[in-house]
Amino acid sequence: MASLLKKKADNAGPVVPPWHPDLRIVDLLPDTKVVRTAFFVNGIAILGAVVLALLVVHREWELHVVNGQIADAQKQIDRDKRPSAQAVQLFGKFKQEESRIRELNEFVSSRPNLSPIILRIAETLPAKLALRSLDFGPAGLTLKAIIRGAPDQASGDASAYLDQVKADPELTKYFDEMALNSLSRDPATNRLTVELFLKFKGVKKS
Amino acid sequence: MTTQELIALIKKNPISFGCGALCVILIAVLYFGSDTVDDAKAQLDKLSTEGARLSANIEYSARLAEQYKTVSTANTIIDSRLVRASQLAQNLQYFYKLESDTSTKLTGLTQMQSALPKKGAPTTNFTPVGFSIVVDCDYAKALDVLHRLEDGEHYCRILDCNLSPKVSEGTGGVAQGMGLAVTLELEGQP
């Protein structure tokens, strides 16, 4: 029994040719498969055509929508073109007028107003100091004053005045650097003359 | 395969061959029209940008006419306050009137020549006219003169200013009031 279950070897013996010739014409024979090959071929062809057709339709629809938006945008442009051109023209005139005002403003604000500065200096000048001269130049103000009293105390008064000027809220609006230029004795009066330099804001040091 | 055999094959499989031909046509349509949507979208973007620009122009110009009227009126006032470099007599009269109004003494008055604009310099709407004045006064009057210059009829910019005691010969070094020397510019036109 075990010998019957054993697989026969391939080279068990010579292959026996058919016992009669095969006379069938395979191409002419009907397809006897359960689902015919033509069904699959037709199905794939139809599916491909449908997919491609859908792609074309989708693209044409998208194009139609975009063309509609283009038409709307063009209509809006046609509507807005004239008022926009008028606005641009008016803005050009406005800019021209504005440039005059801007230029004038630059002219007026390019130098600080001196009268409030002089007034402030006069208001805050200590009793021991007498103004000698004020000289406004492009860079700032040179202030000369005579200090009353003994020379040994006068230098202290000069420093105190410099500190006062540095701390003055009004003057610091105009000047950013204040320095003691010189402190010299006038031989004729034996009094000290102090010279301060107050540099205008925004002016570069020479 | 002969032509007749091919025709016979097509006749035998009309659906698959018909769909195949349709596929070829549709692929050709898709291929040759592949850029149309992109082109249309690019055109739409361009038109949208243009439309947005025009809309913004209109939107921002809502109060432009009113603002233009305001600056135009301001410029009319500015024009009336400008000096003319060519009108020397009228310009000097301004300072003599200042002298009279402040009860000071004008000891020096010069209208300076306007510098010619440099080549390539940006064009300007105005040409400042320079003046140099020397006034005998006291401290309060000097302040009055400066105040009237700065807040006066014409737009003024003080370039240099010196306020110092005036010492005359024969007074033994004793100050005789104050001397105010000012170099200034009035905004003007040629």
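The residue count restarts for each chain, going from 1 along the sequence in the order it is written. Each chain gets a letter, beginning with A, and each ligand a number, beginning with 1, in the order they are written. It should be noted that, the model being predicted, local features are given only for residues of pLDDT at least 70 and side-chain atom pairs only at 80 or more, the latter also being counted only at that level, while totals for whole chains, interfaces and linings use all residues. Note: side-chain values were computed over all heavy atoms of the structure, leaving out hydrogens and water.

Comments concerning the domain arrangement of chain A
Quick note on the threshold: Domain segmentation is taken from an automatic or database assignment of domains.
Examined at the domain level, chain A breaks down into domain 1 (40–75) and domain 2 (114–200). One C-alpha centre belongs to domain 1 of chain A, the other to domain 2 of chain A, and the line joining them spans 88 Å.

Examining the pairing of strand β1 (residues 129–136) of chain A
Residues and elements named next belong to chain A. Operational definition: In this description, strands pair whenever DSSP reports at least two bridges between them. Starting at the N terminus, helices and strands are each numbered in turn, a helix being any DSSP run of H or I of at least four residues and a strand any DSSP run of E of at least two.
Sheet topology note: the β1/strand β2 (residues 140–147) ladder contains seven bridges and is antiparallel. Within β2, the residue paired with Phe136 across the bridge is Leu141. Remark: three residues form the turn of the hairpin made by β1 and β2, two consecutive strands paired antiparallel.

Side note on unusual backbone geometry
Residue and element names in this part refer to chain B. Heads up, the condition is: Three exposure classes are used, based on accessible area relative to the maximum for each residue type with a 1.4 Å probe and protein chains only: buried under 20%, partly exposed in between, and exposed over 50%.
The backbone of Ser103 sits at a positive phi, close to 55°, despite the residue not being glycine. By the secondary structure assignment, Ser103 is in the loop between α5 (88–102) and β2 (105–111). Note on Ser103: relative accessible area 51%, which makes it exposed.

Re the packing of aromatic side chains
Short version of the rule: Pairing of aromatic rings covers Phe, Tyr and the six-membered ring of Trp, with a centre-to-centre limit of 6.5 Å; geometry is then stacked below 30 degrees between planes, edge-to-face above 60, and tilted otherwise. Look at NZ for Lys and CZ for Arg. If either is within 6 Å of the ring centre and within 35 degrees of the ring normal, a charge sits over the ring.
Scanning the entire structure with this criterion turns up seven aromatic pairs over all chains. Aromatic pair Phe39(A) and Phe40(A): ring centres 5.9 Å apart, planes at 75°, arrangement edge-to-face. The exposure class of Phe39(A) is exposed, given its relative accessible area of 58%. The partly exposed category is assigned to Phe40(A), whose relative accessible area is 48%. Through a chain of ring-to-ring contacts, three or more aromatic side chains come together here, namely Tyr174(A), Phe175(A) and Phe200(A). The residue whose ring lies beneath Arg81(B) is Tyr155(B), and the NZ or CZ to ring-centre distance is 4.3 Å.

A word on the pattern of salt bridges
Two side chains of opposite charge can pair, provided their charged atoms sit close to one another. Filter applied, for reference: Every case where a carboxyl oxygen of Asp or Glu lies within 4 Å of a side-chain nitrogen of Lys or Arg is listed as a salt bridge.
For the structure shown, the criterion picks out 17 salt bridges over all chains. Across the pair Lys41(B) and Glu62(A) runs a salt bridge whose closest N-O atoms are separated by 3.0 Å. A residue pair is termed interchain when its members come from two chains, as with Lys41(B) in helix α3 (residues 36–60) and Glu62(A) in helix α2 (residues 37–109). Glu66(B) is the partner of Arg63(B) in a salt bridge, and the nearest nitrogen-oxygen pair spans 3.1 Å. One network of salt bridges, in which partners are shared, links Arg120(A), Glu123(A) and Asp168(A).

Description of the environment of Cys23(B)
Formally: In this description, contact between two residues means that some pair of their heavy atoms is separated by no more than 4.5 Å.
Summarising the element assignment, Cys23(B) is placed in helix α2 (residues 14–32). When near neighbours in sequence (up to four residues on either side) are disregarded, Cys23(B) contacts Ala45(A), Gly48(A), Ala49(A) and Leu52(A).

Re a nonpolar patch on the surface
All names here are of chain B. Cut-off, in case you're wondering: Like charges are joined within 9 Å and nonpolar side chains (Val, Leu, Ile, Met, Phe, Trp, Tyr) within 5 Å, but only among residues with over 30% relative accessible area and no salt bridge; these make up the patches. Note on areas: Shrake-Rupley with a 1.4 Å probe; residue coverage comes only from the protein chains shown.
Taken together, the side chains of Met1, Leu6, Leu9, Ile10 and Phe17 present a nonpolar region at the surface, about 450 Å² in accessible area. Per-element accounting of the nonpolar patch gives the leading share, three residues, to helix α1 (residues 3–12). Its location among the elements puts Leu9 in helix α1. On the accessibility criterion, Leu9 (30% relative accessible area) is partly exposed.

Here we look at the interface of chain A and chain B
In plain terms, the rule: Once two parts are put together, the accessible area they lose, assessed with a 1.4 Å probe and summed over both, is termed the buried area. Amino acids outside the nonpolar list (Ala, Val, Leu, Ile, Met, Phe, Trp, Tyr, Cys, Pro) and the charged list (Asp, Glu, Lys, Arg) are all regarded as polar, and Gly is one of them.
Between chain A and chain B, the residue contacts involve 57 residues of the former and 61 residues of the latter. Buried area between chain A and chain B, both sides added, is near 5200 Å², and the carbon and sulfur share of it is 68%. Broken down residue by residue, the surface that chain A buries against chain B is led by Arg59(A), Arg100(A) and Phe107(A), which jointly contribute 15%. Applying the counting criterion to the chain A and chain B interface returns two salt bridges. One salt bridge in this structure joins Arg100(A) and Asp79(B), with 2.7 Å as the shortest N-O distance. With 39 residues, α2(A) is the largest single contributor of residues to the side of chain A that touches chain B. Residue classes in the side of chain A that touches chain B are distributed as 33 nonpolar, 13 polar and eleven charged.

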